[in-house]
Amino acid sequence: MKKNYAFAIYILLVLHVRISAQSKQESQKGELHGNFQTDVQYYFRDKAIDPTGEFFPRERLLAAGFANFIFTQGSFSAGLRYENYQNNLLGLPEGYRGEGIPFRFIRFEKDGLDITVGNYYEQFGSGMIFRSFEERGLGLDNAIDGLRLRYKPAKGFHLKGVIGRQRLYFTKAEGIVRGVDAEINLNEALPGMENSAWLLSVGASFVSKFQRAADPVLNLPENVGASGGRFTLQRGEFGWNTEFVWKINDPSFDNGFIYRQGNGFLSTLTYAKKGLSLMVTAKRIENMSFRSDRNASLIDAQINFLPPTTKLHTYTLPALYPNAVQPNGEMGFQIDLSYNFKKGTTLGGKYGTTIAINYSDISSIDRQFVAKRPIFSTVNPGEVIDCTWAGTKGFVSNPFQRGPITYFKDLNIEIRKTISRSLKTTFTYYNFVYNQEVLEKGVTDAEIIQRGYQKLVYINAFVLETLYKIRPGHSLRTELQGMFTRQDRGDWLMALAEYSVSPHWFVAIQNSWNYGNPNPADRLHYTLGSVGYTLNTTRFQLNYGRQMRGIFCVGGICRVVPPSNGVTLTVTSNF
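Residues numbered from 1 in each chain as written. Predicted model: local features only at pLDDT ≥ 70, side-chain atom pairs only at ≥ 80, totals over all residues. Heavy atoms only, no water.

### Looking at the packing of aromatic side chains
Where we set the bar: Stacked, edge-to-face and tilted labels apply to pairs of Phe, Tyr and Trp rings (six-membered ring for Trp) whose centres lie within 6.5 Å, assigned for plane angles under 30 degrees, over 60, and everything in between, in that order. The helix and strand labels rest on DSSP assignments: H or I over at least four residues marks a helix, E over at least two residues marks a strand, and numbering proceeds from the N terminus. Whether a residue is buried, partly exposed or exposed follows from its accessible area with a 1.4 Å probe, protein chains only, as a fraction of its type maximum: under 20%, in between, or over 50%, in that order.
A full pass over the atoms with the stated rule returns 25 aromatic pairs. Note on Tyr 85 and Tyr 96: the rings are 5.0 Å apart at their centroids and 40 degrees apart in plane angle, and the pair reads as tilted. Here Tyr 85, found in strand S3 (residues 76-85), pairs with Tyr 96, found in the loop between S3 and strand S4 (98-110); they are 11 residues apart in sequence, far enough to count as distant. We classify Tyr 96 as buried; its relative accessible area is 5%. Plain terms: the ring middles of Tyr 339 and Phe 341 are 4.9 Å apart, the flat faces sit at 80 degrees to each other, and that makes the pair edge-to-face. On the basis of relative accessibility, which here comes to 21%, the residue Phe 341 falls in the partly exposed class. By way of ring pairs, the aromatic residues Tyr 321, Phe 408, Tyr 430, Phe 432 and Tyr 434 are connected into one cluster.

Quick look at the structure:
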């Protein structure tokens, strides 16, 4: 952390020199931009939602905040981010404790070369072998600390190179990450294709990690490489995007230290014209957990990002059952269709009607497990005390055959209808099949196959949202939600009302009632009130009430949200 402060001081000195030079030469003016956010929560003990006090913090008041400062002048930019966790909010990783400057960088461009030193975010292709990014809602930040080069040697050619170590809270992950990426836009690079109706680009990537190994039993690879190829083809209303990636054997905590190679396939077909859009996506991933620390878990030290093939739901009740991508193996598809019925037609009515249908189906991959490796006693060398797949290839798989285990199915139908100039409505129906054992509890395919059956949660849900403009600047938004299942926590109802006075104020109240919980003691109300005020680029929001336990996911990456009761103040600003 002392190095981070030293680097930050260096950036400030550089800024001082640049600003001083600017005062002498006004040809290029420098600009300083930034943003700030803080979240402060005060918790109340609530025995109804947390009987044992397992989730009640000792501090009672927790706070988390950050501030970004970025200076730009011509082709030069530099910045830093200060973060403060005293201590981190409930449900976010425990590694965020204390304060510091974990993100700082200097970047400049010269002769077509873009150079970044310090921290940066980057992505190759869809991210299946490399993506460094931040998702504050999850507490995920795997920024690289090192060197990045971007270069355009010719028209249509784009090259990238990265090397460094990943952020791990206020430290760095053990391994070193190296990678190169090349992409060619053939319509720009080849003179004969400049005016072609076919638009084509191709790309290729290679990423490797190095981590020392000293296991007394397993011969672990210290250098692990992954490569990938991709293309994007488009003509008129049609588009096709496909990527295939491959990784050498990478024994890790995630896969049980097996020596099987990994691979991933993602392909998307799209069609879009006025009033109609269609997207079909197919995906298969196998043994594609890729971390710079083979012993890491959860969201720590992830080198890659595995895109989900499911729709992200934001309404409160449907969001209780999200899909989490399974890096050890999953396959499935998604179909997304949207159609707009024109104004003046029978279904379109006076203002038109939009219907969106989305379906996704995710299952296990085919697995034929190999024989386990015996573990011998250290006392009696000939005695077998246990068996394990660690040190073996684990399984063989037919890539064209689906596995027997259902992970997630989602059918949702959304109808958006404008009733009048003052009233807009959205109605959505949901049908889920949810494998809670796999997606939340981490039960493996081998355990389910050995048991001979799977436990699934079947859910039906609906949401009716209305937006009514009372008069200029005043509007009322309401939500009525219902979710019904005979498994897990049973049936739910939820209602919300939000009144807004543009552009400054809003006030909202919502209540979620788990009236169908199999346990009468858990048939609770979760009431939450909110008020917010916005002044130019600064926003204040105050919440008070209960937070139900659940799973919060963004892009197929998830974290557990514990139950809580308290007051939350959020302040955001930018300049």
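### Focus on the state of the cysteines
We apply this condition: The term disulfide is used for any two cysteine sulfur atoms that are within 2.5 Å.
Counted according to the given criterion, the structure contains one disulfide. Shown here is the disulfide that connects Cys 553 with Cys 558, its sulfur atoms set 1.8 Å apart. Because the torsion about its S-S bond is 105 degrees, the bridge between Cys 553 and Cys 558 counts as right-handed. On the basis of relative accessible area, Cys 558 is assigned to the partly exposed category, the value being 22%.

### Details of the nonpolar core
Worth spelling out the cut-off: By nonpolar core is meant a set of buried Ala, Val, Leu, Ile, Met, Phe, Trp, Tyr and Cys residues that side-chain atoms within 4.5 Å join together.
Leu 320, Tyr 321, Phe 408, Tyr 434, Ile 459, Met 483 and Trp 492 are the most contacted members of the largest nonpolar core, which totals 27 residues. Counting residues per element, the ones that place at least two in this core are strand S25 (402-418), strand S26 (423-434), helix H3 (436-439), strand S27 (457-471) and strand S29 (492-501). Residue contributions to this core peak at four residues, all from S27. Phe 124, Met 128, Ile 303 and Leu 306 belong to the second largest nonpolar core, which has 19 residues in total.

### Let's talk about the pattern of salt bridges
Two side chains carrying opposite charge are able to pair once their charged atoms lie near each other. Spelled out, the test is: A pairing counts as a salt bridge when a side-chain nitrogen of Lys or Arg comes within 4 Å of a carboxyl oxygen of Asp or Glu.
Evaluation of the coordinates by the stated rule reveals 31 salt bridges. Among the ionic pairs, Glu 83 bridges to Arg 167, the shortest N-O distance being 2.7 Å. Residue Glu 83 is found in strand S3, and its partner Arg 167 is found in strand S11 (residues 157-168); the two are separated by 84 residues along the sequence. For the pair formed by Glu 83 and Arg 167, the shared burial category is buried. The shortest N-O distance in the salt bridge between Glu 122 and Arg 150 comes to 2.7 Å. Note that Glu 122 is positioned in strand S6 (residues 122-123) and Arg 150 in strand S10 (residues 144-151), a separation of 28 residues in sequence. Assessed through its relative accessible area of 6%, Glu 122 is described here as buried.

### Some details on the side chain of Glu 286
Operational definition: Identification of polar contacts relies on pairs of N or O atoms within 3.5 Å, with a donor-acceptor requirement for protein atoms, meaning one able to donate a hydrogen and the other able to accept it, and with residues adjacent in sequence counted only if both atoms are side-chain atoms. By definition, residues are in contact when any of their heavy atoms lie within 4.5 Å.
Tracing the backbone shows Glu 286 in strand S18 (residues 276-286). When its relative accessible area of 2% is taken as the criterion, Glu 286 is described as buried. In this structure the side chain of Glu 286 is engaged in a polar contact, spanning 2.4 Å, whose partner is the side chain of Arg 260. The contact partners of Glu 286, leaving out residues within four places of it in the chain, are Arg 260, Gln 261, Gly 262, Asn 263, Pro 327, Asn 328, Gly 329, Ile 365, Phe 395 and Ser 397.

### Quick notes on the pairing of strand S28 (residues 474-484)
What counts, and what does not: Pairing between strands is defined by DSSP: at least two bridges between the two strands are required.
Bridge count for S27 against S28 is 11 bridges, and the pairing is antiparallel. If you follow Ala 461 over to S28, its bridge partner there is Met 483. Where S27 hands over to S28, the hairpin turn is made up of two residues, of which Gly 473 adopts a positive phi near 85 degrees. Pairing of S28 with S29, which is carried by 10 bridges, proceeds in the antiparallel orientation. Following the sheet pairing, Leu 476 is matched in S29 by Tyr 499.

### Here's the deal with unusual backbone geometry
Among all residues except glycine, the phi angle is most often negative; among peptide bonds, the trans geometry is most common. A cis amide bond links Gln 86 with the next residue in sequence, Asn 87, at an omega value of -25 degrees. Here Asn 87 is to be found in the loop between S3 and S4. For the bond from Ser 502 to Pro 503, the omega torsion is 5 degrees, close enough to zero to count as cis. With respect to the helices, strands and loops of the structure, Pro 503 is situated in the loop between S29 and strand S30 (505-513).

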